[in-house]
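Listed below are the residues making up each chain.
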Amino acid sequence: MADQYVQSGEDSKPTEIPAIRWDEPPEGPVLVLLDQTRLPAEEVELVCTDASALVEAIRSLAVRGAPLLGIAGAYGVALAAARGFDVEEAAAVLAGARPTAVNLAVGVRRAEAAYRAELGNSGDQQLAAGAALAAARKLHAEDAAASAAMAERGLALLDELLPGGGHRVLTHCNTGSLVSGSEGTAFAVALAAHRAGRLRRLWVDETRPLLQGARLTAYEAARSGMAYTLLTDNAAGSLFAAGEVDAVLIGADRIAADGSVANKVGSYPLAVLARYHHVPFIVVAPLTTVDPDTPDGASIEVEQRAGHEVTEIAAPQAPVVGAEAGGGIPVAPLGTQAYNPAFDVTPPELVTAIVTEEGVVSPVTAEALAELCARSREVTIS
């Protein structure tokens, strides 16, 4: 494993570094990631030369977000094939790197299926590797198209629910270009509202314990010139009570067949607050996030992460003295146990609508979700 960090451009100016890209230098193909653990302090690229390096990047959250994980998983299979590693083994470790995010396994399966089909047809390892890469690139392009479609449908829904514009939108975690082949999911809707002159304020939950909202969503909002305000997660209730939230927009890491939504921990309390205050709670996610094989919310495996993410604070580039194993600054007594689920599950009855690239489901029911998925499959086949 020969990973390296590559510093990009000037530190003082944000650049347009893609969240993920395939590169083929003379020494062999690599997958290059914008290391999200280093944002917003610096924009640094992480170079992965094999599947194990990519798995490490996924688990450390250097690359994250449901759609992007699917793309990364597909490229990871292509990387293993191109470099002559065991594709089946690579696919297995990649698919299991983050169990809640269904897109990761979907991307892995698509690239692996393309690889196996070509290998069975031609018996040529090089052609099979090319087929896996083509599948990854196709998934990447499909996600970009889905992002644009979700932005359009999501903005139309906002305008329908909240006529007159001036939308004040609360979002959680990070759902922009850092998690997508294009401009994201929920963030893409807010960005579309901003460009149309209909976004009054983007409220950004900091998203503890790893601060994806503070570090990443605020970073993207600032780059886009959006009017945004950062708040601690536990300040959301007072914001609702003051009547300052018109809608909640979040993404999803897995949507069960009954419409239950797994998203970054802290999403479920927002849904409860939204219902009490009669505020629309809208989930924006591509159809690849819908998992018909997971019947309901109780069947979703929720990833449990290391306790040091709660008992320590890790700031990019921060000097650390006497840090524990996690590499952060201790904020709790040594030996403190921490409860640290990466996600929580919101039941469908608390979800106003699910916005996908193929349509909007509202009210959210198992039947309506299944119908949308079936309709999408028919369009794809035809």
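Residues numbered from 1 in each chain as written. Predicted model: local features only at pLDDT ≥ 70, side-chain atom pairs only at ≥ 80, totals over all residues. Heavy atoms only, no water.

A. Highlighting the packing of helix α1 (residues 51–59) against helix α3 (residues 87–95). Axis separation between α1 and α3 bottoms out at 9 Å; the angle between their running directions is 5°. Between α1 and α3, the angle falls in the class roughly parallel. Of the residues in α3, those touching α1 at Ala51, Leu54, Val55 and Ile58 are Ala90, Val93 and Leu94. Within the contact of α1 with α3, the residues separate by chemical class into seven nonpolar, no polar and no charged. (Axes fitted to C-alpha atoms, helices over the stretch in contact; angles between N-to-C directions. Helix = DSSP H or I, 4+ residues; strand = E, 2+ residues; numbered from the N terminus. Parallel < 35°, antiparallel > 145°, perpendicular 65-115°, else oblique. Contact = heavy atoms within 4.5 Å. Nonpolar A, V, L, I, M, F, W, Y, C, P; charged D, E, K, R; others polar.)

B. Focus on the nonpolar core. Among the nonpolar cores identified, the biggest contains 42 residues, and Leu31, Leu33 and Leu54 are the most heavily contacted of them. Of all the secondary-structure elements, those providing two or more residues to this core are β2 (20–23), β3 (30–34), β4 (44–48), α1, α2 (66–82), α3, α4 (102–122) and α5 (125–161). The greatest single-element share of this core, amounting to 11 residues, is contributed by α2. Beyond its immediate stretch of four places on either side in the chain, Leu31 contacts Ile20, Arg21, Trp22, Leu46, Val47, Cys48, Leu54, Ala72, Tyr75, Gly76 and Leu79. (Core = buried A, V, L, I, M, F, W, Y, C linked by side-chain atoms within 4.5 Å. Buried < 20%, exposed > 50% of the residue type's maximum accessible area, 1.4 Å probe, protein only.)

C. Main features of α5. Relative to the 54 Å expected for 37 residues at 1.5 Å per residue, α5 spans 53 Å between its end C-alpha atoms, a close match to the ideal helical length. Where α5 begins, one side-chain oxygen reaches toward the backbone nitrogen of Gln126, 2.8 Å away; that side chain belongs to Asp124. (Expected span 1.5 Å × (residues − 1). Polar contact = N/O pair within 3.5 Å; in protein donor to acceptor, adjacent residues only side chain to side chain.)

D. Looking closely at the sheet that holds strand β8 (residues 247–250). An order of β7-β6-β5-β8-β11-β16-β17 is seen for the seven strands of this open sheet, with the pairing classed as mixed. Every other strand in the sheet has two partners, leaving β7 (228–231) and β17 (359–361) as the edge strands with one partner each. With direction set aside, neighbouring strand axes in the sheet form an average angle of 25°. In this structure, β8 lies alongside strand β11 (residues 281–284), joined through three bridges in parallel fashion. Counted as the bridge partner of Val248 is Phe281 from β11. Contacts between helix α6 (residues 186–195) and the sheet are confined to β5 (167–171), β6 (199–205), β8 and β11, with β6 contributing the most and set at about 155° to the helix. Across the sheet, helix α9 (residues 267–276) touches β5, β6, β8 and β11, and the angle it forms with β11 is around 140°. (Pairing = 2+ DSSP bridges.)

E. Representation of the layout of surface pockets in the model. Each pocket or cavity is described by its volume, and for the largest pocket that value is around 860 Å³. Along its surface, the largest pocket is lined by 31 residues, and Arg110, Leu287, Thr288, Glu357 and Ser376 are the ones closest to its centre. Sorting the residues of the lining of the largest pocket by element identifies α2, α4, α5, β12 (290–291) and α11 (366–381) as the ones contributing at least two each. Top contributing element to the lining of the largest pocket by residue count: α5, with seven residues. Each residue belonging to the lining of the largest pocket can be placed in one class, and the counts come to 14 nonpolar, six polar and 11 charged. (1 Å grid on protein atoms, 1.4 Å probe; cavity = no way out; pocket = protein on both sides within 12 Å on 5 of 7 lines; lining within 4 Å. Points joined across faces, edges and corners; volume = space filled by probe spheres on them.)

F. Seen up close, empty space enclosed by the protein. Per the counting criterion, the structure on display carries two cavities of 30 Å³ or more. In this structure, the largest cavity spans a volume of roughly 180 Å³. Forming the walls of the largest cavity are 21 residues, and the residues nearest its centre are Arg64, Gly65, Ala66, Asn174 and Asp253. Elements represented by at least two residues in the lining of the largest cavity include exactly α2 and β10 (261–264). Here the lining of the largest cavity is composed, by residue class, of 10 nonpolar, seven polar and four charged. Reported here for the second largest cavity is a volume of approximately 50 Å³. In terms of lining residues, the second largest cavity is bounded by Arg208, Pro209, Leu210, Gln212, Lys264, Val265, Arg305, Glu309, Asn340, Pro341 and Ala342. When the residues that make up the lining of the second largest cavity are grouped by side-chain class, the tally is five nonpolar, two polar and four charged.

G. Inspection of the pairing of β7 at higher detail. The pairing of β6 with β7 spans four bridges and is classified as parallel. Bridging across to β7, Trp203 finds its partner in Thr229. In this view, the connection linking β6 to its parallel neighbour β7 by way of helix α7 (residues 212–223) has right-handed handedness. (Right-handed = clockwise from strand over helix to strand, strands pointing away.)

H. Up close: the packing of α4 against α5. One can describe the packing of α4 onto α5 by two numbers: an axis separation of 8 Å at closest approach and a directional angle of 150°. In terms of axis orientation, α4 runs roughly antiparallel to α5. For α4 against α5, the interelement crossing comes out right-handed. Residues Gly107, Arg110, Ala111, Ala114, Tyr115, Glu118, Leu119 and Ser122 of α4 pack against Gln125, Leu127, Ala128, Ala129, Ala131, Ala132, Ala135, Lys138, Leu139 and Glu142 of α5. (Left-handed = near helix turned anticlockwise from the far one by under 90°.)

I. Region of interest: the sheet that holds β10. Read across the sheet, four strands follow the order β12-β9-β10-β15 without closing on themselves; strand pairing throughout is mixed. Among the strands making up the open sheet, the edge pair consists of β12 and β15 (343–346).

J. Here's a closer look at the side chain of Arg305. Inspection of the secondary structure assignment puts Arg305 in the loop between β12 and α10 (308–311). In this structure Arg305 comes out as buried when scored by relative accessible area, which is 16%. Only 2.9 Å separates the side chain of Arg305 from the backbone oxygen of Arg59, close enough to count as a polar contact. Residues in contact with Arg305, not counting those within four places in the same chain, are Arg59, Leu61, Arg98, Leu210, Asn340 and Ala342.

K. Here's a closer look at the pattern of salt bridges. Scanning all chains against the criterion turns up 17 salt bridges. A salt bridge links Glu303 to Arg305, with the shortest nitrogen-to-oxygen separation between them at 2.8 Å. An identical accessibility class is assigned to Glu303 and Arg305; each is buried. The residue Glu371 makes a salt bridge to Arg375 at a minimum N-O spacing of 3.7 Å. Of this pair, Glu371 and Arg375 both sit in helix α11, four residues apart, which is roughly one turn of that helix. What makes Arg375 partly exposed here is its relative accessible area of 40%. (Salt bridge = Lys/Arg side-chain N within 4 Å of Asp/Glu carboxyl O.)

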